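Topology and contacts: notes
The primary structure of each chain is shown beneath.
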Amino acid sequence: MNGLSKGIRKVEIALKWDPSPVGQPPTDLDLIAATYERDDPYGTPAYLVHFDSRSPDGTILLNRDSADGKGFGSDEVMTVELDRLDGRYARVVVGVVIQQRPVDRRFVNVLNPAVRIQEGYTVLAEDDFASVLGATAATFAEFVRDESGGWDFLPGAHGFEEDPAVFSRVMGRRGGPGGQPG
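A few points on the structure. Keep in mind that what you see is a predicted model, and the values were worked out from it rather than measured.

Our focus in this paragraph is the sheet that holds strand S10 (residues 151-160). The antiparallel open sheet is built from 5 strands, whose spatial order is S3-S2-S6-S9-S10. Across the chains shown, the open sheet's two edge strands, defined by having one partner strand only, are strand S3 (47-49) and S10. Direction aside, neighbouring strands of the sheet carry axes that sit 20° apart on average. Pairing analysis gives 8 bridges linking strand S9 (residues 137-145) to S10, with the strands arranged antiparallel. Within S10, the residue paired with Phe143 across the bridge is Phe153.

On inspection of all chains with the given rule, the structure shows 5 aromatic pairs. For the pair Tyr47 and Tyr89, a centre-to-centre distance of 5.6 Å together with 85° between the ring planes defines the contact as edge-to-face. With Tyr47 in strand S3 and Tyr89 in strand S6 (residues 89-98), this pair connects stretches of sequence that are 42 residues apart. Accessibility assignment for this pair places Tyr47 and Tyr89 in one class, buried. Through a chain of ring-to-ring contacts, the aromatic side chains of Phe107, Phe129 and Phe140 assemble into a single cluster. It is Arg91 that lies over the ring of Tyr36; its NZ or CZ is 5.0 Å from the centre.

A word on the nonpolar core. With 34 residues, the main nonpolar core has Ile13, Val92, Val94, Phe107, Phe129, Phe140 and Phe143 as its most contacted residues. For this core, the elements supplying multiple residues, two or more each, are strand S1 (10-16), strand S2 (29-37), S3, strand S5 (76-81), S6, strand S7 (114-119), S9 and S10. Ranked by residue count, the leading element in this core is S6, at 5 residues.

Moving on: the pairing of S6. Within S6, 10 of the 10 residues are buried, leaving the element largely enclosed by the surrounding structure. Where S2 lies against S6, 9 bridges are found, and the strand directions are antiparallel. Residue Ala33 lies in a different strand from S6, and its bridge partner there is Val94. For S6 and S9, the ladder comprises 7 bridges, and the chain directions are antiparallel. Note on S9: the bridge partner recorded for Val96 is Ala138.

With that settled, the discussion passes to the pattern of salt bridges. Under the defined criterion, the tally for this structure stands at 7 salt bridges. Across the pair Arg9 and Asp83 runs a salt bridge, and its minimum N-O distance is 3.2 Å. Of the two residues, Arg9 sits in the segment before S1 while Asp83 sits in the loop between S5 and S6, which places them 74 residues apart along the sequence. One salt bridge connects Glu12 with Arg116, and the closest N-O pair in it is separated by 3.7 Å. You can see Glu12 sitting in strand S1 and its partner Arg116 sitting in strand S7, a full 104 residues away along the chain. When its relative accessible area of 26% is taken as the criterion, Arg116 is described as partly exposed. Among the ionic contacts, a cluster of salt bridges with common partners joins Glu37, Asp86 and Arg88.

Definitions and limits used
- Residues numbered from 1 in each chain as written.
- Predicted model: local features only at pLDDT ≥ 70, side-chain atom pairs only at ≥ 80, totals over all residues.
- Heavy atoms only, no water.
- Pairing = 2+ DSSP bridges.
- Helix = DSSP H or I, 4+ residues; strand = E, 2+ residues; numbered from the N terminus.
- Axes fitted to C-alpha atoms, helices over the stretch in contact; angles between N-to-C directions.
- Phe/Tyr/Trp six-rings, centres within 6.5 Å; stacked < 30°, edge-to-face > 60°.
- Buried < 20%, exposed > 50% of the residue type's maximum accessible area, 1.4 Å probe, protein only.
- Lys NZ or Arg CZ within 6 Å of the ring centre and 35° of its normal.
- Core = buried A, V, L, I, M, F, W, Y, C linked by side-chain atoms within 4.5 Å.
- Salt bridge = Lys/Arg side-chain N within 4 Å of Asp/Glu carboxyl O.

So this is what it looks like as structure tokens:
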């Protein structure tokens, strides 16, 4: 990044999947974003944004939420305004968790899952979860504030086998996308 670049400013994360076959329980995937403060960048999230919450400052919004994958285009869409995040935040980790009611599922059981991360018209990354087929949840994007205050994007899928509540607490641990082995 050169001296004129302000880094990544505002991204859209779009998640889609196909509905379950007729007669099967619905498949419910959820986008989750976790923010981490500068003094604890790999510890407990400062806050989470998902289907049942929002960011306190309005910088991370879940614009669309689906419980079954029945829709046109993206089923879940999240907007992250990195350039508006307070300076105390050093990391934002974004992931997907599969709700495990009424059936236990892994990504291998989800029909055509895909995620796209873009800034404006520029696609930063796309993933089909092929590298985490045995997982029940995965992180796939990490945004890290650099020393100048700009944001860098670190792509990469990292699978987890935790339930949704545990995943939201551990998704930012070292070893995820861009994280240090821990």
